[in-house]
Amino acid sequence: MIRLIVGLGNPGSKHETDRHNAGFWFVSLLAKQAGVLLEQEKRFHGKVAKASLYGHDIWLLQPDTFMNLSGQSVGALSRFHQIQPEEILVVHDELDLKAGVARLKFAGGTGGHNGLKDILAHLSSPDYWRLRIGIGHPRDLPGRLMDVADYVLRKPLLEEQIAIDSALSRSLDAMPLFLKGETATAVKDLHSSC
């Protein structure tokens, strides 16, 4: 059963609309849906809320440590509340998926994602759930050469944002089954809709 949902991103108004903040966007939507406010918790290095979602008490977390140090926040909260890696869902942007695509999976590598690398270092296990929100890759932009770091730290184009918002909405729709433990059905439904 999931006890912690972490949205990855970078803190501050400067980064609010960056592609890299797709995880933050999802957790903000969940908090709004649950009617809770994410509040700063210094001991957890981030914004935290306890939410009742579909009959389950779940911690929501947006690390304030910047993407590359996300594990510091995830590690602090999970240790304090004795949450095991397999009880964690990490929501993050994914370069290797086109905007509008979302994928749920359990465990695996980091795919070069610096936030996931740091979480792995702090949890000492890759065995946690991931919700990967596609943001596309700069190589797919016609006639533009852009560094990956520049790409993820920029606002999506309007058509990309519409597609990402749609993927976030369909991901929210998958959460009731996912959080009830019907993970295979939730994965199938999400993947067939994106």
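Residues numbered from 1 in each chain as written. Predicted model: local features only at pLDDT ≥ 70, side-chain atom pairs only at ≥ 80, totals over all residues. Heavy atoms only, no water.

This part takes up the packing of helix α2 (residues 70-80) against helix α3 (residues 114-123). Closest axis-to-axis distance for the α2/α3 pair is 7 Å, and the angle between their directions is 40°. In the packing of α2 onto α3, the handedness of the crossing is right-handed. When α2 is examined against α3, the residues Ser70, Gly71, Gln72, Val74, Gly75, Ser78 and Arg79 are found in contact with a partner set consisting of Gly115, Asp118, Ile119, His122 and Leu123. Its residues placed into classes, the contact of α2 with α3 shows three nonpolar, seven polar and two charged. (Axes fitted to C-alpha atoms, helices over the stretch in contact; angles between N-to-C directions. Helix = DSSP H or I, 4+ residues; strand = E, 2+ residues; numbered from the N terminus. Left-handed = near helix turned anticlockwise from the far one by under 90°. Contact = heavy atoms within 4.5 Å. Nonpolar A, V, L, I, M, F, W, Y, C, P; charged D, E, K, R; others polar.)

Glancing now at the pattern of salt bridges. Under the criterion given, the structure shown has six salt bridges. In this structure, the salt-bridge partner of Arg19 is Glu160, at a minimum N-O distance of 2.7 Å. Of this pair, Arg19 sits in the loop between β1 (4-7) and α1 (22-34) while Glu160 sits in helix α5 (residues 158-179), and the two are 141 residues apart along the sequence. For Glu160, a relative accessible area of 11% corresponds to the buried category. In this structure, Arg132 and Glu94 form a salt bridge, with 3.2 Å as the shortest nitrogen-oxygen distance. Of this pair, Arg132 sits in strand β7 (residues 129-134) while Glu94 is found in strand β5 (residues 88-94), placing the two residues 38 residues apart along the sequence. Using a relative accessible area of 18% as the deciding quantity, one classes Arg132 as buried. Here Glu94 falls in the buried class, since its relative accessible area comes to 12%. (Salt bridge = Lys/Arg side-chain N within 4 Å of Asp/Glu carboxyl O. Buried < 20%, exposed > 50% of the residue type's maximum accessible area, 1.4 Å probe, protein only.)

What follows is about the environment of Val74. For Val74, the location among the structural elements is in helix α2. Spatially, the C-alpha atom of Val74 lies 11 Å from that of Lys47, the residues being 27 residues apart in sequence. With sequence-adjacent residues up to four places away left out, Val74 is seen in contact with Val6, Leu61, Ile88, Ile119 and Leu123.

Contact geometry of α1 with α5 gives a least axis separation of 10 Å together with a crossing angle of 50°. Taken as axis vectors, α1 and α5 run oblique relative to one another. When the axes of α1 and α5 are compared, the crossing they make is right-handed. From α1, Ala22, Trp25, Phe26, Leu29, Leu30 and Gln33 reach across to α5, where they touch Gln161, Ile164, Leu168, Ser171, Leu172 and Met175. For the contact of α1 with α5, the class distribution of residues is nine nonpolar, three polar and no charged. (Parallel < 35°, antiparallel > 145°, perpendicular 65-115°, else oblique.)

Counting 36 residues, the largest nonpolar core has Ile5, Leu60, Leu89, Leu131 and Phe178 as its most contacted members. It is α5 that contributes the most residues to this core, eight residues altogether. With residues up to four places along the chain from it excluded, the contact list for Leu89 reads Ile2, Leu4, Ile5, Val6, Leu104, Trp129, Arg130, Leu131, Met175 and Phe178. (Core = buried A, V, L, I, M, F, W, Y, C linked by side-chain atoms within 4.5 Å.)

Time to look at the packing of aromatic side chains. Scanning all chains against the criterion turns up three aromatic pairs. Ring geometry for Phe44 against Phe80: centres 5.4 Å apart, planes inclined by 65°, an arrangement best described as edge-to-face. Taken as a pair, Phe44 in the loop between β2 (39-41) and β3 (46-53) and Phe80 in helix α2 lie far apart in primary sequence, 36 residues in all. Residue Phe44 is classed as buried on the basis of its relative accessible area, which comes to 2%. Ring geometry for Phe106 and Trp129: centres 5.3 Å apart, planes at 55°, overall tilted. Of this pair, Phe106 sits in strand β6 (residues 102-106) while Trp129 sits in strand β7, and the two are 23 residues apart along the sequence. The exposure class assigned to Phe106 is partly exposed, which follows from its relative accessible area of 37%. Since its relative accessible area comes to 14%, Trp129 is described here as buried. Through a chain of ring-to-ring contacts, three or more aromatic side chains come together here, namely Phe106, Trp129 and Phe178. (Phe/Tyr/Trp six-rings, centres within 6.5 Å; stacked < 30°, edge-to-face > 60°.)

What follows is about unusual backbone geometry. Outside of glycine, negative phi angles account for most residues, and trans bonds account for most peptide bonds. Although it is not a glycine, Tyr54 adopts a positive phi angle of roughly 55°. Tracing the sequence through the fold places Tyr54 in the loop between β3 and β4 (56-63). Among the residues examined, Tyr54 registers a relative accessible area of 29% and is labelled partly exposed. The backbone of Gln82 sits at a positive phi, close to 50°, despite the residue not being glycine. In this fold, Gln82 is placed in the loop between α2 and β5.

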